[in-house]
Amino acid sequence: MVKNSKKAQKIRQSFKGNSKSGMKKSSKKQLRKKNSKKIKTIIVERKLSDEYMKEKEGEYFGKDAYDIIVNRNCDVYYFEDNKKKTLLKFRKKVIPDKLCKIGIECLKEAAKKTHDNRGAAAGVLDETKLPGYAKGNQLIGVGKFRAAAYKSAIDGKIVKNSLGNLSQSNIIGYFDKRDRNFKDSPPCRLTAFSAQQVEKWQKVIPLIQSIDKQFKKLIPKNHRIQYSQAHETDFVIKDTAFSTVTINYNWRTALHKDAGDLKEGFGNLVVLEEGKYNGGSTGFPQFKVGVDCRHGDFLAMDVHEWHCNTEIIPVSEDYTRLSLVAYLREKMVNCKGMKFS
Ligand SMILES: O=C(O)CCC(=O)C(=O)O
Ligand SMILES: [Fe+2]
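The sections below set out a description of the structure shown in this document. From a predicted model like this one, the values you see are computed outputs, not experimental measurements. (Residues numbered from 1 in each chain as written. Chains lettered and ligands numbered in written order. Predicted model: local features only at pLDDT ≥ 70, side-chain atom pairs only at ≥ 80, totals over all residues.)

### Considering the site of ligand 1
Lining the immediate environment of ligand 1, one finds Ala121, Thr246, Asn248, Thr253, Asp258, Leu269, Thr282, His307, Asn309, Ser323 and Val325. Across the shell around ligand 1, the residue classes tally to three nonpolar, seven polar and one charged. (Near = placed C-beta within 6 Å. Nonpolar A, V, L, I, M, F, W, Y, C, P; charged D, E, K, R; others polar.)

### Focus on the sheet that holds strand S13 (residues 289-291)
The sheet built from four strands is open, its strands ordered S2-S13-S12-S15 with mixed pairing. This sheet does not close on itself; its edge strands, each paired only once, are strand S2 (68-70) and strand S15 (308-309). For strand S12 (residues 282-284) and S13, the ladder comprises three bridges, and the chain directions are antiparallel. Across the sheet, glycine 283 pairs through a bridge with glycine 290, a residue of S13. (Pairing = 2+ DSSP bridges. Helix = DSSP H or I, 4+ residues; strand = E, 2+ residues; numbered from the N terminus.)

### Observations regarding the packing of helix H4 (residues 97-112) against helix H6 (residues 198-218)
Across the interface, H4 lies against H6 with an axial gap of 9 Å and an inter-helix angle of 140°. Considering the angle they form, H4 stands oblique to H6. Where H4 crosses over H6, the handedness of that crossing is left-handed. Across the interface between the two elements, Leu99, Ile102, Gly103, Cys106 and Leu107 from H4 touch Lys200, Lys203, Val204, Pro206, Leu207 and Ser210 from H6. (Axes fitted to C-alpha atoms, helices over the stretch in contact; angles between N-to-C directions. Parallel < 35°, antiparallel > 145°, perpendicular 65-115°, else oblique. Left-handed = near helix turned anticlockwise from the far one by under 90°. Contact = placed C-beta atoms within 7 Å.)

### Notes on unusual backbone geometry
With phi around 60°, asparagine 82 is a residue other than glycine that occupies positive phi space. A tally of 5 C-beta atoms within 10 Å means that asparagine 82 is categorised as exposed. One non-glycine residue with positive phi stands out, namely lysine 93, at about 45°. Structurally, lysine 93 can be placed in the loop between strand S4 (83-91) and H4. Using a count of 13 C-beta atoms within 10 Å as the deciding quantity, one classes lysine 93 as partly exposed. (Buried ≥ 20, exposed ≤ 12 C-beta atoms within 10 Å, placed from the backbone.)

### Quick look at the environment of phenylalanine 298
Counting through the fold element by element, phenylalanine 298 comes out in strand S14 (residues 298-301). Given 23 C-beta atoms within 10 Å, phenylalanine 298 falls into the buried group. Once you skip the residues sitting within four places of it in the chain, phenylalanine 298 turns out to touch Arg91, Val94, Ile95, Ile211, Gln214 and Val270.

### Structural notes on H4
With 16 residues, H4 should reach 22 Å at 1.5 Å per residue; the first-to-last C-alpha distance of 22 Å fits that figure. By the largest-angle criterion, cysteine 106 marks the main kink of H4, which is about 40°. For H4, the elements touching its buried residues are strand S8 (169-175), helix H5 (192-196), H6, strand S10 (244-249), strand S11 (267-279) and strand S16 (312-327). (Expected span 1.5 Å × (residues − 1). Bend = angle between axes of the 7 residues up to and from the residue.)

### Digging into the nonpolar core
Phe242, Val245, Leu299 and Ala300 are the most contacted members of the largest nonpolar core, which totals 71 residues. Looking at which element gives the most residues to this core, the answer is H6, with seven residues. Aside from chain neighbours lying at most four places away, what touches alanine 300 is Leu88, Lys89, Phe215, Leu218, Ile219, Phe266 and Asn268. In this structure, Ala134, Ala147, Tyr150 and Leu163 belong to the second largest nonpolar core, which totals six residues. (Core = buried A, V, L, I, M, F, W, Y, C linked by C-beta atoms within 7 Å.)

### Side note on the sheet that holds strand S6 (residues 147-151)
Reading across the sheet, the three strands line up as S5-S6-S7 and stay open at both edges, with antiparallel pairing between neighbours. Looking along the sheet, the strands with just one partner apiece sit at the ends: strand S5 (138-142) and strand S7 (158-163). Taken pair by pair, the neighbouring strands of this sheet meet at an average axis angle of 30°, ignoring direction. In terms of strand pairing, S5 meets S6 through four bridges, oriented antiparallel. Residue pairing for S6: glutamine 138 is matched across the bridge by lysine 151.

### A word on the environment of glutamate 232
Its location among the elements puts glutamate 232 in the loop between helix H7 (220-230) and S10. The residues touching glutamate 232, leaving out its near neighbours within four places in the chain, are Val333 and Lys336.

### Section: the pairing of S6
Between S5 and S6, which pair antiparallel and follow one another directly, the connecting turn spans four residues. Sheet topology note: the S6/S7 ladder contains four bridges and is antiparallel. Bridge pairing in S7 links tyrosine 150 to valine 159. Here S6 hands over to S7 after six residues, with glycine 156 in that stretch at a positive phi of 75°.

Rendered as structure tokens:
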């Protein structure tokens, strides 16, 4: 009988080894667990020209602009000049929940504060989105998403002040520019949040260290370069490779590349959530790939490639999408030897 023959035994064994349906429930579970940790590799290509992308700077891209919006662990690469380049690495739920909660608690209000300096990311200039002080005044040197100055309607004076649409985007940590409101402001300094809300700033540092840990693990080469440059000065967040963290509240970015950060560095994005919303995926439309980065997830991304967000669609009445981008400001190195106290 086939049942007891050696051949049948062999068949049964190979069935056990290769087929999921031949497995016991517990080993099926183990496999699922293993697979969920598995890192998917995706190879992408530049599908749209650089000229086209430049033309679209400051404009929004919907989810139909992407072939894929990933929501599981993956590494995304492309080949250029015979080299394999990393576009992004994405890891689900790697930031401890306790630190995420502290992040929301300490940073939500600060991120809500509007600023006019996010350039293309804040979208094409729109009269209704301009800062109050510029409304009703004649703008000078008007570009697609920035004006160079404005003429005061009260006294006719020209105020040189680069401005764009308001956005709920702020920075914490250190900054490598003087404060335009203070004559004697030093070239490198603490940001307003870190200088004025010391307790919250201190509480949030373990979260920033946790972001750094992921950065080091996933993109070690760039981390090494960025870390050593960051530690050339005192303007560095503890033992991390970061000088600064951008915090965005429920804000959809338009097509942009980040500026002011170290070219050899990498962008490190974490999202913290409250309530429910859909969308808000972070995408690279030139490569037609996006990422649905959610609460506690970590996304290492090449912020020097064009990126933007899909629309954020509220589900619950109140919701929070707080995104944190940790990086090193490149001019910080010019403040070698300077003390910030
Ligand atoms: O919130 C995001 O997903 C992206 C944020 C971003 O690109 C930025 O702040 O420069
Ligand atoms: Fe960005």
